[in-house]
2 protein chains.
Amino acid sequence: MMIDRRFPVRLDLQQGTVDMSHGSGGRAMAQLIAELFQRHLHNDLLAQGNDQALFTPPPGRLVMSTDGHVISPLFFPGGDIGCLSVHGTINDVAMAGARPLYLAAGFILEEGFALRDLARIVASMADAANEAGVPVVTGDTKVVERGKGDGVFITTTGIGVVPDGILISGDRARPGDVILVSGHIGDHGVAILSQRENLGFGTAIQSDTAALHDLVAAMISAVPDIHCLRDPTRGGLATTLNELAHQSGVGMQIRESAIPVRPEVAAACELLGLDPLYVANEGKLIAICPAAQAETLLAVMRAHPKGVASAIIGEVVEDALHFVQMETDFGGSRIVDWLAGEQLPRIC
Amino acid sequence: MMIDRRFPVRLDLQQGTVDMSHGSGGRAMAQLIAELFQRHLHNDLLAQGNDQALFTPPPGRLVMSTDGHVISPLFFPGGDIGCLSVHGTINDVAMAGARPLYLAAGFILEEGFALRDLARIVASMADAANEAGVPVVTGDTKVVERGKGDGVFITTTGIGVVPDGILISGDRARPGDVILVSGHIGDHGVAILSQRENLGFGTAIQSDTAALHDLVAAMISAVPDIHCLRDPTRGGLATTLNELAHQSGVGMQIRESAIPVRPEVAAACELLGLDPLYVANEGKLIAICPAAQAETLLAVMRAHPKGVASAIIGEVVEDALHFVQMETDFGGSRIVDWLAGEQLPRIC
């Protein structure tokens, strides 16, 4: 690394910790940016070194989305807050059918946080961004006193470009449309719970955290008339279906037997008194499309590595009250309502 | 307001507080968004109700910038974290010469935070966004447990469009260029300090928090060849000049007598042992332009309501070591270095 006269002594990334000066705007912050953030996240736009990144997007419609990440613990089976913060925002952009272009990242660090952990998190963000082909082009760092934060919070914002002819929105579900999910639900929430204090139980369940924009690209290429896409994160499948039903002014009818849940996730949920329908996912999506295209869409999803366990789980129906109803494994029917209260705080 | 079957009981915006369920992704969060965020920040894009906002920007180059806001206290003379979070990001976008288009806002709330205060902050954001003509089009809300946050943190991200022919960047300062500042420095930092615990002193100094994009638009209209613009926030004028000197590979020579500082700010700084050169501003900018255009630029800045106290404060010089040097009021010269350590934590 080039010697920089501003920083005669290198950051101690093994034993060092975040202190208030790292948020001061001065020399210590410049060093943290140079020796930690830029070292991992380097790209031409970030290297512009201004308080904003400059680029020329392709012409057409853009989308913008932002997501704060406050997950606890910061490291969990299958990922960490770093890759999660990249995947989460890429997915929110992709759920408009958009191709994600760029990310911005805002860090709120707690005084005393280990620089080693921060470096690990930023390296994980960089890996996730590289793998997805969506660079972090601008950022910001703030520091709060010990006891006023919790290690690190990361707010990522993404923009993406929507291909011509694509119009995917939560208000486009129509009676007769078919509802699909891209794989097993509940993995992320159960993986996090397995790590929480006093809730440790032996499980090999990993978070499904993943960027879904490539799956979405394959889907819209085959079925441009997809009506809705949404990732069932906080609140899980049940809450996301209720959001879409409300937004489109329709009802939904789903079949419990059709919803993919891993046996070990089902078992963990039973043990913990949770309903997998409400448990968060970070690498799954719900798609709603016209019935005539549903089998084509399902085949495309199953052919993609991130959608191998995709399934058709139900249909959109007319319902002035916008209920989501489920035919249960026992042949009965129940209303699947919005998540009420807090099932799993700080799950993302 | 329309009755919504999801929320039979309205949020208590007088006595209510944030609880963990407001970050759950479920019904309580939907209610917080509907009855507090959307009520204040309503616009067509936010009303799309998706996890991302869709729009068609004008063709050309865009900029993107993000800024976390962790200021303490949340309310201060001249503003609050709400308007600050709008102004700060608008300014970061505008410092590329860009016209800001849209904002995204990510909230990290602490359990127990008064909904009344949150509503006041969001109303202030809305007022600032309306006044600036830059809507908040998408957002996110997370909640952390009591003692893991500090009331509210707000990360705002903005995008803007750069007019054709404009190329403003921190690496464009050239020897011979002239350095201008748009008004009195240090107001924001001193206003915040006046409110901090145990540092209360009688002062009428208000934060200068303001959106500067309209000032910038007037400046680039008159002088399209402005080389650098940057807002001297954390670290103050001194640190920002050092950043620009480092980035452009030049030195700078400034004159203490030319730098506008209000007498009451100077007095407060003296009392507190602070140097106004390092105190944060939230409504000022530094401009660097060719000498031939400096007087024109100064006149345009002074003619604008947000630049009436603008001044030429020095020149860019050749210096392989990239020092910022200042001719003092007493005729001597001193090096004005980067801010070292933390002068004023959580100033923005």
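The name an unreviewed UniProt entry assigns to chain A is Hydrogenase maturation carbamoyl dehydratase HypE, from the organism Thiobaca trueperi. A UniProt comment under Sequence similarities (unreviewed entry) is attached to chain A, and it reads "Belongs to the HypE family."

> Honestly, the domain arrangement of chain A in this entry has me stumped. Any pointers?
Interfaces are often sized by the accessible area lost when the parts come together. All names here are of chain A. Looking at chain A, the domain boundaries give domain 1 (20-162) and domain 2 (178-335). Averaged C-alpha coordinates put domain 1 and domain 2 at centres separated by 27 Å. Every contact between the two is made by 20 residues of domain 1 and, on the other side, 21 residues of domain 2. Around 1700 Å² of area is buried between domain 1 and domain 2 when both sides are counted, 62% of it from carbon and sulfur atoms.

> What exactly am I supposed to notice about the UniProt feature "domain: PurM-like N-terminal" (unreviewed entry) in chain A here?
Within this structure's numbering, the places UniProt gives as "domain: PurM-like N-terminal" (unreviewed entry) are residues 49-162 of chain A. Measuring from the first to the last C-alpha atom of residues 49-162 of chain A gives 28 Å, for a span that is 28% helix and 42% strand.

> Sorry if this is basic, but what is going on with the environment of Ala311 of chain A here?
Within the fold, Ala311 of chain A resides in strand 12 (residues 311-317). Note: C-alpha distance between Ala311 of chain A and Val190 of chain A (121 residues apart in sequence) is 21 Å.

> I would appreciate a short explanation of the sheet that holds strand 7 (residues 152-162) of chain A in the present structure.
Taken together, the 5 strands give an open sheet; going across it, the order is 6(A)-5(A)-7(A)-2(A)-1(B), and neighbouring strands pair in mixed fashion. Each edge of the open sheet carries a strand with a single partner, namely strand 6 (136-144) of chain A together with strand 1 (53-55) of chain B. Averaged over neighbouring strand pairs, the angle between their axes works out to 15 degrees when direction is ignored. In terms of strand pairing, strand 2 (residues 61-69) of chain A meets strand 7 of chain A through 9 bridges, oriented antiparallel. When the bridges of strand 7 of chain A are listed, Val63 of chain A appears paired with Gly160 of chain A.

> I would appreciate a short explanation of the sheet that holds strand 12 of chain A in the present structure.
Backbone hydrogen bonds are what pair the strands of a sheet, in a parallel or an antiparallel way. Residues and elements named next belong to chain A. The strand order 9-11-8-12-10-13-14 describes an open sheet built from 7 strands, whose pairing is mixed. Edge positions in the sheet fall to strand 9 (228-230) and strand 14 (333-335), since each of these pairs with one other strand and no more. For this sheet, the mean inter-axis angle between neighbouring strands, taken without regard to orientation, is 25 degrees. Here 4 bridges tie strand 8 (residues 178-181) to strand 11 (residues 286-289), and the two strands are oriented antiparallel to one another.

> What exactly am I supposed to notice about the pairing of strand 6 (residues 136-144) of chain B here?
For a regular strand, the rule is simple: side chains alternate between the two faces of the sheet. Residue and element names in this part refer to chain B. With 8 of its 9 residues buried, strand 6 lies for the most part within the structure. Two elements, strand 5 (residues 99-110) and strand 6, share 8 bridges in a ladder whose sense is parallel. Pairing of Phe107 across the sheet is with Thr141, part of strand 6. Crossover handedness for the path strand 5 to helix 3 (residues 115-132) to strand 6: right-handed.

> Please explain the packing of aromatic side chains as it appears in this structure.
Here a ring pair, both rings aromatic, is described through the centre-centre distance and the interplanar angle of the planes. Under the defined criterion, the tally for this structure stands at 5 aromatic pairs over all chains. A ring pair is formed by Phe37 of chain B and Phe107 of chain B, whose centres lie 4.6 Å apart and whose planes are at 50 degrees; its orientation type is tilted. Taken together, the residues Phe37 of chain B in helix 1 (residues 27-41) and Phe107 of chain B in strand 5 connect sequence positions 70 residues apart. For the residue pair Phe37 of chain B and Phe107 of chain B, the accessibility class agrees, reading buried in each case. Here Arg120 of chain A stacks its cationic end above the ring of Phe75 of chain A, 3.7 Å away from the centre of that ring.

> Would you mind showing me how to read the relation of the copies chain B and chain A here?
Each of the two chain copies goes to the other by way of a rotation about an axis and a shift along it. Once chain B is rotated about the relating axis by 180 degrees and shifted along it by 0.0 Å, it coincides with chain A to within an RMSD of 0.0 Å. The superposition operator between the copies reduces to a two-fold rotation axis. Closest to the rotation axis within chain B is the C-alpha of Gly149 of chain B, separated from it by 2.2 Å. Residue by residue, 100% of the interface of chain B is reproduced at the interface of chain A, so both copies engage with the same surface.

> Would you take a moment to explain helix 8 (residues 294-303) of chain A for this structure?
Structural remark: α-helix, 3.6 residues per turn; residues separated by three or four positions point the same way. Residues and elements named next belong to chain A. Among all positions in helix 8, only Ala294, Leu297, Leu298 and Met301 are buried. Buried positions in helix 8, seen along its axis, are confined to an arc of 100 degrees and lie on one side of it. Opposite the buried face of helix 8, at more than 90 degrees from it, the exposed residues are Glu295 and Ala303. Contacts from the buried residues of helix 8 go to strand 8, helix 5 (213-222), strand 11 and strand 12.

Reading guide: rules and limits
- Residues numbered from 1 in each chain as written.
- Chains lettered and ligands numbered in written order.
- Predicted model: local features only at pLDDT ≥ 70, side-chain atom pairs only at ≥ 80, totals over all residues.
- Heavy atoms only, no water.
- UniProt positions renumbered as here; feature names shortened; annotations may be inferred.
- Domains from an automatic or database assignment.
- Contact = heavy atoms within 4.5 Å.
- Buried area = accessible area lost by both parts, 1.4 Å probe.
- Helix = DSSP H or I, 4+ residues; strand = E, 2+ residues; numbered from the N terminus.
- Pairing = 2+ DSSP bridges.
- Axes fitted to C-alpha atoms, helices over the stretch in contact; angles between N-to-C directions.
- Buried < 20%, exposed > 50% of the residue type's maximum accessible area, 1.4 Å probe, protein only.
- Right-handed = clockwise from strand over helix to strand, strands pointing away.
- Phe/Tyr/Trp six-rings, centres within 6.5 Å; stacked < 30°, edge-to-face > 60°.
- Lys NZ or Arg CZ within 6 Å of the ring centre and 35° of its normal.
- Least-squares fit on C-alpha atoms with pLDDT ≥ 70 in both.
- Arc of directions from axis to C-beta.

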